[in-house]
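Chain and residue survey
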Amino acid sequence: MRHAPMVITIDGPTASGKGAVAQAVACRLGLHYLDSGALYRLVALQAMHHGYTFDTVLTGTQEAQLAVWARHLPVVFEGDLILLDGVNVSAEIRAEAVGNMASKIAVIGLLREGLLERQRDFAQAPGLVADGRDMGSIVFPNAPVKVFLTASSQIRAERRYKQLIDKGFSANITSLVADLNERDARDSARKHAPLKAAHGAYVLDSSELTLDETVEKLLQHYAKVVGLALNELPVRSGF
Ligand code: C5P
């Protein structure tokens, strides 16, 4: 009998540290990694390249076009590289404007459906760590390990500020806090797959934790769920 690959879902609000934590856990356990937010950002970037703007109301035709892109955009993930139609957009999709556009279009049910199979295809042996907003609730509802990672909006804004500056973008803390709160409100209030902890998720507030401490706590939780001691988990080289 073929076993379903192990899936660990890590959901949470913008800049809660999901990405860094999920990548570290995937690397430590030797599992694949899905950054589902990148898929929403890629569709947003494609839309922006086609003249869609944050401030205009989308027509039905535009929403249908977004759903087509969600299903068919030629995207390749190669290590840290993300290629859209063969072009490296890894840095471009991290801009706040693209994140805001992603959050605007993420309310569209048809678009979310279009991304569903793409996301599920990442669940390959030996397993997957998937980060996003609805990984545990909608995309991988049967995942044995679900985590909801959160942190205060001030701490998240500071982390996002550092990320943006490190990537060469300009940023301002006050407007980042406002942006994060607005994005959280939109993500939590939407009809389709609103941001919330999945049933049975392990809720972890990382406001007072370092990245390593957060990863350690998740690994402890994972070990408990799979019935192993922490020192019995596989150790990958380079971690
Ligand atoms: O995680 P990240 O900030 O890259 O995601 C960008 C936006 O994409 C989020 O603000 C959210 O609106 C949307 N998103 C989503 N569901 C996911 C991942 C991201 O709605 N699973």
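Treat the numbers as computed from the prediction; the structure is a model and nothing was measured. (Residues numbered from 1 in each chain as written. Predicted model: local features only at pLDDT ≥ 70, side-chain atom pairs only at ≥ 80, totals over all residues. Heavy atoms only, no water.)

**A closer look at the overall build of the chain**
Regarding its fold elements, the chain presents nine helices and eight strands. Taking 2.2 N^0.38 as the reference for a compact globule, 239 residues should give roughly 18 Å; the C-alpha atoms of the chain span a radius of gyration of 17 Å, in line with that estimate. About 11800 Å² of surface is accessible on the chain, with carbon and sulfur atoms providing 55% of the total. (Helix = DSSP H or I, 4+ residues; strand = E, 2+ residues; numbered from the N terminus. Rg over C-alpha atoms; globule rule 2.2 N^0.38 Å. Areas by Shrake-Rupley, 256 points an atom, 1.4 Å probe, with all protein chains shown as cover.)

**Describing the packing of aromatic side chains**
Applying the stated criterion to the full structure yields two aromatic pairs. Pairing Y52 with W69 gives two aromatic rings, centres 5.6 Å apart and planes at 55°, and the pair type is tilted. Of this pair, Y52 sits in the loop between α2 (36–49) and α3 (60–72) while W69 sits in helix α3, and the two are 17 residues apart along the sequence. Look at Y52 and you get buried, because its relative accessible area is 9%. Geometrically, the ring pair formed by F77 and F122 is edge-to-face, given 5.6 Å between the ring centres and 80° between the ring planes. Within this pair, whereas F77 is found in strand β3 (residues 75–78), its partner F122 is found in the loop between α5 (109–120) and β6 (127–132), the two being separated by 45 residues in sequence. (Phe/Tyr/Trp six-rings, centres within 6.5 Å; stacked < 30°, edge-to-face > 60°. Buried < 20%, exposed > 50% of the residue type's maximum accessible area, 1.4 Å probe, protein only.)

**Quick notes on the sheet that holds strand β8 (residues 202–205)**
Working definition: the strands of a sheet are paired by backbone hydrogen bonds and lie parallel or antiparallel to each other. As summarised here, the arrangement of the five strands in space is β2-β6-β1-β7-β8, forming an open sheet in which the pairing is parallel. Of all the strands in the sheet, just β2 (32–35) and β8 have a single pairing partner and so form its edges. Adjacent strand axes in the sheet meet at a mean angle of 20° when their direction is disregarded. In this sheet, β6 lies alongside β2 in parallel orientation, the contact comprising four bridges. Following the sheet pairing, H32 is matched in β6 by L128. (Pairing = 2+ DSSP bridges. Axes fitted to C-alpha atoms, helices over the stretch in contact; angles between N-to-C directions.)

**Regarding the site of the ligand**
The full set close to the ligand counts 16 residues, and R41, R112, D134, D187 and R190 are the nearest of them. Taking R112, its side chain carries an N or O atom lying 2.8 Å from an oxygen atom of the ligand. The separation between a nitrogen atom of the ligand and a polar side-chain atom of D134 is 2.8 Å. When contributions to the shell around the ligand are tallied by element, the ones reaching two or more residues are α2, α4 (96–105) and α8 (173–189). Among the elements that line the shell around the ligand, the one with the most residues is α2, at four residues. Class assignment for the residues of the shell around the ligand results in four nonpolar, four polar and eight charged. (Near = heavy atom within 4 Å. Polar contact = N/O pair within 3.5 Å; in protein donor to acceptor, adjacent residues only side chain to side chain. Nonpolar A, V, L, I, M, F, W, Y, C, P; charged D, E, K, R; others polar.)

**Considerations on the nonpolar core**
Grouped together as the largest cluster of nonpolar side chains are 38 residues, with contacts concentrated most on L42, V43, L66, I93, I105, L111 and F140. Broken down by secondary-structure element, the contributors of at least two residues to this core are α2, α3, β4 (81–84), α4, α5, β6 and α6 (135–139). Ranked by residue count, the leading element in this core is α2, at eight residues. Ignoring sequence-local partners within four residues, the contact set of L66 consists of V43, A47, Y52, L58, I105, I108 and L111. (Core = buried A, V, L, I, M, F, W, Y, C linked by side-chain atoms within 4.5 Å. Contact = heavy atoms within 4.5 Å.)

**Thoughts on the pairing of β6**
In terms of burial, β6 is largely enclosed, as six of its six residues are buried. Here β6 shows no split at all, with G127, V129 and D131 on one side and L128, A130 and G132 on the other all buried. Here strand β1 (residues 6–11) pairs with β6 via six bridges, running parallel. In the strand pairing of β6, I8 is matched with V129.

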